[in-house]
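# Examining the three-dimensional arrangement
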Amino acid sequence: MTANSLNKIGSREAIGQKIFDLFSLTKPTITLLVAVTVIPSLLLAAGGLPDLGASIAAIVGACLASASAAVFNQVVEVDIDFKMNRTKLRSLASGRLPKELAILFGLSTGILGFLILYIYATPAAALTATCGHLFYVFFYTMYLKRRTEQNIVIGGAAGAVGPLIGWTAITGHLAWPAWSLFLIIFLWTPPHFWALAIKYQEDYAQAGIPMYPVIHGEKKTKRLMLLYTISLLPCIISLYSYEGVGWIYLLCSIAFTSKFIFDAYRLYLTKSNAGVMPFFHFSCSYVFAIFGALTLDCLFQLL
């Protein structure tokens, strides 16, 4: 093999690595979660099958807005990520990507998401996504996270805008069911994230981030995690009263929420932290299950 061929292979590998690093900046799992929360909101808002073009625009636009926010989150937090073992290998913290390229990528995805929502869905959907983006980057990332142990409690609102985007993409305004879906994600966020914060509390302490377990200890954090999971139950049941929500959603949501509560209670009773990561992994599945069940329920009622 010639030197020229080796250079070409090396160049392709370098480009592939750059693309992978840029993609990883978008936090793909969170972006997928946003898409999952948009879909049932579209179905409920339409009262049936929603307009296909507006639906695709809502899902793609919401994902691009989420991706852009994730990029800017890492741009702002590169100093924090560098100090934490869990995040020090991220593409910006490790120096594999220049910050300027990340900023350009974040701006491009954010603007594209806004335009897709504005042109192909509704201006209200574009505005909702933009508000969520700005709240996450400026209020949560740049202010709350470094200053208060309530950072993820308040900042969780940014991660809950998916249903609001979906609803406004169809109707152009917000209504109670959209806020109900918003509240489910808002209440789910603290116990979900605090499990991770307990696991990596030394990392957060070393980086100077006042996560709740770092400031108030594990026992108080676990008690609050339990209370938040319990608060989800009336919230998910209340959505059943809305027309278009049926028994598939109700039974599945009660079952998964009961498991969530039980796991939080078991975690609260033990001094060991062996259960925090299983709890965290189940909490990831929980949102997919709840919103997946709601989507299935809406589709079933169309038959």
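Everything discussed here concerns the structure shown above.
Reading guide: rules and limits
Residues numbered from 1 in each chain as written. Predicted model: local features only at pLDDT ≥ 70, side-chain atom pairs only at ≥ 80, totals over all residues. Heavy atoms only, no water. Helix = DSSP H or I, 4+ residues; strand = E, 2+ residues; numbered from the N terminus. Buried < 20%, exposed > 50% of the residue type's maximum accessible area, 1.4 Å probe, protein only. Contact = heavy atoms within 4.5 Å. 1 Å grid on protein atoms, 1.4 Å probe; cavity = no way out; pocket = protein on both sides within 12 Å on 5 of 7 lines; lining within 4 Å. Points joined across faces, edges and corners; volume = space filled by probe spheres on them. Nonpolar A, V, L, I, M, F, W, Y, C, P; charged D, E, K, R; others polar. Phe/Tyr/Trp six-rings, centres within 6.5 Å; stacked < 30°, edge-to-face > 60°. Polar contact = N/O pair within 3.5 Å; in protein donor to acceptor, adjacent residues only side chain to side chain. Patch = residues over 30% accessible without salt bridge, like charges linked within 9 Å, V, L, I, M, F, W, Y side chains within 5 Å. Areas by Shrake-Rupley, 256 points an atom, 1.4 Å probe, with all protein chains shown as cover. Salt bridge = Lys/Arg side-chain N within 4 Å of Asp/Glu carboxyl O. Core = buried A, V, L, I, M, F, W, Y, C linked by side-chain atoms within 4.5 Å. Disulfide = S-S within 2.5 Å. Axes fitted to C-alpha atoms, helices over the stretch in contact; angles between N-to-C directions. Left-handed = near helix turned anticlockwise from the far one by under 90°.

Moving on to the side chain of Thr221. Considering the arrangement of structural elements, one finds Thr221 in helix 12 (residues 218-238). Note on Thr221: relative accessible area 0%, which makes it buried. Thr221 has contacts with Trp194, Ile198, Tyr212 and Pro213, leaving out every residue within four places of it along the chain.

One can find Thr168 in helix 8 (residues 162-171). Discounting chain neighbours no more than four positions away, the residues touching Thr168 are Thr122, Ala124, Ala125, Thr128, His173 and Leu174.

Let us look at the layout of surface pockets. Each pocket or cavity is described by its volume, and for the second largest pocket that value is around 200 Å³. Those elements that provide at least two residues to the lining of the second largest pocket are helix 3 (52-76), helix 5 (99-121) and helix 6 (123-147). Sort the elements by how many residues they give to the lining of the second largest pocket and helix 5 lands first, with 7 residues. The residue inventory of the lining of the second largest pocket, partitioned by class, reads 10 nonpolar, 7 polar and no charged.

Moving on to the packing of aromatic side chains. Applying the stated criterion across every chain yields a total of 15 aromatic pairs. Here the aromatic rings of Tyr136 and Tyr140 are separated by 5.4 Å at their centres, their planes lie at 25°, and the arrangement is stacked. Here Tyr136 pairs with Tyr140, and both are found in helix 6, just 4 residues apart, close to one helical turn. When its relative accessible area of 18% is taken as the criterion, Tyr136 is described as buried.

All right, on to the environment of Asn273 then. Relative to the helices and strands, Asn273 resides in the loop between helix 13 (247-269) and helix 14 (276-300). When the C-alpha atoms of Asn273 and Ile103 are compared, they prove to be 37 Å apart, with 170 residues separating the residues in sequence. Ignoring any residue separated from it by four or fewer positions in sequence, one finds Asn273 in contact with Ile198, Gln201, Glu218 and Lys222. Within the structure, Asn273 has its side chain in polar contact with the side chain of Lys222 (distance 3.0 Å).

There is a patch of nonpolar side chains on the surface, built from Ile103, Leu107, Ile111, Phe114, Leu115, Tyr118, Ile119 and Tyr120 and spanning about 780 Å² of accessible area. Along the polypeptide, Ile103 turns up in helix 5. Accessibility expressed as a relative area gives 31% for Ile103, which makes it partly exposed.

Counting residues in each nonpolar core, the largest one holds 63 residues, and the members touching the most others are Ile184, Trp188, Trp194, Tyr249, Tyr286, Phe291 and Leu294. It is helix 9 (residues 176-199) that provides the largest number of residues to this core, a total of 13 residues. Discounting residues that sit within four places of it in the chain, Leu294 has contacts with Pro40, Leu44, Leu181, Leu239, Val245 and Tyr249. Leu42, Leu117, Val161 and Ala169 belong to the second largest nonpolar core, which has 17 residues in total.

Enumeration according to the criterion identifies 0 disulfides in this entry. This cysteine, Cys298, is not joined by any disulfide, and Cys252 carries the nearest cysteine sulfur, 13 Å off. For Cys298, a relative accessible area of 7% gives the class buried.

The subject of this paragraph is the packing of helix 2 (residues 28-46) against helix 8. At their nearest, the axes of helix 2 and helix 8 sit 7 Å apart, and the two run at 35° to each other. Crossing angle aside, the handedness with which helix 2 passes helix 8 is right-handed. Seen from helix 2, the contacting residues are Val34, Thr37, Val38, Ser41, Leu42, Leu44, Ala45 and Ala46; seen from helix 8, they are Gly162, Pro163, Gly166, Trp167, Ala169, Ile170 and Thr171. Among the residues forming the contact of helix 2 with helix 8, the class breakdown is 10 nonpolar, 5 polar and no charged.

Any link to function would need more than the numbers given here.
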